[in-house]
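What follows is each chain in one-letter form.
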Amino acid sequence: MEFNVPIVLFSLLFTVKFGKCSSFELFGQNIGCFKRLPNVSESSQVISTPAASYNVENCLNACLDVDGYRYGGLEFSQACTCFSSIETQDRGVCNKTCPGNSTQICGGDGFVSIYATGHYVPGPPKTLNLSNTSESRIEIKWSKPVAVNEMIEDYVVSAILIETHASVSLGPNLEWNYPNSTMKADLLNLHPGTRYNISVRANSKLGMGAAKYLAVWTHIGEPTPPEDVEIISRQKNTMKVKVNPINNENGPITAYRLIVISDVNAIVEEHNLRSWSDASRDDIPYYIAAEVDPQIIEKEFTVGDGRWYGVYFNTPLSAEKTYRITVGIKSTFEGITRYGYAKQKPMMNVIILDNKANDDDSSLAHWLVVAIVFSALLLCGCIVVYFVIRRRIGYRRRRANYRQELTLQGPIIEVVNDGYVPEEIDERVNYYEKLQQQVWNIPRSSLELKDEHVGQGRFGSLFKGVIQHRGIPMPTLIYSIEDGKLCDVDKRTMLKELGTLIECGKHNNVLALVGTSEAPETLFIVLEYHPSSLKEMLVEGRILSQPEKDKIKFCSILENDIISFAIGISRGMEFLSSKKIIHKQLTARNIAMADGVVPKITGFGISSYHKQNQIADYTRWTAQEVFKKCSYSTKSDAWSFGCLLWEICVVGGTPYANVENHHVSARVIHGLRLPQTEYIGDCLYQLMLDCWQIDLDERPSFRDITSTLEGIVDRNEVPIELNFILYPGFQYMPYFDDLELQS
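In this text, all values refer to a predicted model and were calculated from it rather than measured experimentally.

Cut-offs used in this document
Residues numbered from 1 in each chain as written. Predicted model: local features only at pLDDT ≥ 70, side-chain atom pairs only at ≥ 80, totals over all residues. Heavy atoms only, no water. Helix = DSSP H or I, 4+ residues; strand = E, 2+ residues; numbered from the N terminus. Expected span 1.5 Å × (residues − 1). Buried < 20%, exposed > 50% of the residue type's maximum accessible area, 1.4 Å probe, protein only. Polar contact = N/O pair within 3.5 Å; in protein donor to acceptor, adjacent residues only side chain to side chain. Pairing = 2+ DSSP bridges. Axes fitted to C-alpha atoms, helices over the stretch in contact; angles between N-to-C directions. Contact = heavy atoms within 4.5 Å. Phe/Tyr/Trp six-rings, centres within 6.5 Å; stacked < 30°, edge-to-face > 60°. pLDDT = per-residue confidence, 0-100.

Section: helix 2 (residues 56-67)
Phase 1: Spanning twelve residues, helix 2 covers 17 Å between terminal C-alpha atoms, matching the ideal 16 Å at 1.5 Å per step.
Phase 2: Here helix 2 has its buried residues at Val56, Glu57, Cys59, Leu60, Asn61, Ala62, Cys63, Leu64 and Asp67.
Phase 3: Taking the backbone nitrogen of glutamate 57 as reference, a side-chain oxygen 3.4 Å away marks asparagine 55 as the first, capping residue of helix 2.

Shown next as structure tokens:
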């Protein structure tokens, strides 16, 4: 039996892709000629498409794509049958050549040629279903793989966190092992209001099989109790209050409830809470005055303003009564609603107002009040002047001895996106000290700076480094800034960008600030370090040296992973836009890949840097309105995301690779857009076109983008929208590194 070179190369490819394999059975190896099909009907499948029986490769590829079968059988010009084991010894003579390749044998008269796919581990479970879910547990059931291939020893179940409403770290991914006789699992100790990617794999002595996936949300839990409101002032029929925003670790906060208590000693019972009219009818001394959106409640709220908030009427307060105000939060998600209320503190948050006017007050009492007020104001003014003078003197002394000066010497006007530096002199002097209080001030002894230059930023150089965090070495990226040598403008900008990164907080898809450290002449800003960028991963994923038949796919990265990367980036940009941060430089080069699977947005603010002699040119990702001298906005970031989505779908191709850099702006303004390739589906390309709308209002928000991409995954449409299967005449979209860099 003779085989050509591509079959041998196929064998090596599928050995890597599908796990361990015997040295005796490689992809395309002839197992024998059998008089009849193997007697394994319950673990076999007939591929009826004509192309599958065209040649050996087509049949075996079809068997691998369906369920990862171990063998494929060809009966001349009739069918391709896939199965996982051979239980017959009835051999014969196969002498018919394949219709698509005359050098290959595809059975004989009444006989079937059997070939190995090179895939030995079990296929994915036939089904995976959700049985039940609660706040901290998920119950699942699955069925045995169709393609068993080898005896199953056990099943491995894992739960990988996709997204959560919690702001705290939830720890590592979870994994459980179940015996081969078990087809269900009860996964415990999960976090409320969290989406997990549940996978089940069959394990044999030859390796782990393919996975079946299921994305599941746990139910939201009891909300974190809010702090009680602050009462600012009381008028005759209204009361002005301020609600302190909180983080709910067990679900989203969809609304705040303002509750008015007319009997200051009453204890609020949650089951008795109702509107003002219902509470008055049932003689209950408390009622819900308003149910307000979280974005609105962050400002001052007026209780008793006589307006409707949802289904609740905020009735004016009585001038004759004393009231207590408390607050609750409403959390609604996936059809479940839960409430949490501030702890009961009778006689707290009370302003007693005596509104009975006394028109007979004597003029003596009136002037006495005026005198007292004037005296109090005069005393307060003296105290303020005293402390201002004392603070200025103290500042001059500190400044004389402060070797690590990071203060600003001029007024600052711009406060929009890059952090906030107050204009008042006293506040500005201590701005860096306030920033230090918000981050980990790393002891210099815990910081090891390696002599390995990574790149250059605007304010200094970046090096690899290691910090000792709770006794564990942690690789980091260290931004070394000799702040004493910076001019006032650069100092001001550096502080603003550092403030941006600090106030940004943490998100799973945004590069995080670890902390800061100081030496006598240098400030060290310590960032997360992930050496691989998404651009590098994509270019390395181009596995075809030339479009030959020795490959089935033209990219080593799975299509599902590509869409997952896009979802992660969109979530990160949604987070940044919620913080009023505009990126301006969103490309695959500025996406760091944590462990090769989690995208983290970098390249904004103080985390922006470039490698030696490799300064990126972002012209090809820039929105058309920016070329027209309009300012950057979140919608211009949406345009850049559309270009980035195209970039990753075409495996790292350069946008507008046939256009010189200095012509890109004019061509884009006149309507040039990136093309749809054969392997990008209509829905995915329409999302890109939406991002490139001329009218900014017609461009989707990042929340809309995330929802669209998640819908593709949830509807199992990834193979339709992005397919890396090699087809005749395929060519990569060009990638030219020099076009993406400044000359």
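Alright, that's what it looks like, and here's the rest.
So, the sheet that holds strand 11 (residues 174-179)
Phase 1: As summarised here, the arrangement of the four strands in space is 11-10-13-14, forming an open sheet in which the pairing is antiparallel. The outermost strands of the open sheet, each flanked by one partner alone, are strand 11 and strand 14 (207-217). In this sheet, neighbouring strand axes are inclined to one another by 20 degrees on average, regardless of whether the strands run parallel or antiparallel.
Phase 2: Of the pairings in the sheet, the one linking strand 10 (residues 152-164) to strand 13 (residues 194-204) comprises eleven bridges and is antiparallel in character. In the sheet register, isoleucine 160 faces strand 13, and the bridge partner there is asparagine 197.

Describing the environment of proline 475
Phase 1: Residue position: proline 475 is located in strand 27 (residues 472-481).
Phase 2: With eleven residues separating them in the primary sequence, proline 475 and lysine 464 have C-alpha atoms 7.4 Å apart.
Phase 3: Contact partners of proline 475, with chain neighbours within four places excluded, come to Gly465 and Tyr529.

Topic: helix 8 (residues 488-504)
Phase 1: Here helix 8 contains 17 residues, and its C-alpha end-to-end distance of 24 Å stays within 8% of the 24 Å for a straight helix at 1.5 Å per residue.
Phase 2: Extensive coverage of helix 8 is indicated by the burial of 13 of its 17 residues.
Phase 3: Two residues or fewer after helix 8 comes glycine 505, characterised by a positive phi angle close to 80 degrees.

Observations regarding the packing of aromatic side chains
Phase 1: As enumerated under the stated definition, the model contains 18 aromatic pairs in all.
Phase 2: Note on tyrosine 685 and tryptophan 692: the rings are 6.4 Å apart at their centroids and 75 degrees apart in plane angle, and the pair reads as edge-to-face. With respect to class, tyrosine 685 is no different from tryptophan 692; both count as buried.
Phase 3: An aromatic cluster is defined as three or more aromatic residues linked by ring pairs; in this entry it consists of Phe554, Tyr679, Phe724, Tyr727, Phe730 and Tyr732.

Observations regarding the confidence of the model for the protein chain
The predicted coordinates should not be examined in detail at positions where pLDDT is low.
Phase 1: Per-residue confidence for the protein chain averages 81 on the pLDDT scale, and 84% of its residues sit at or above 70.
Phase 2: This model gives residues 395-429 a pLDDT under 50, and the stretch forms 64 contacts once residues within four places in sequence are excluded.

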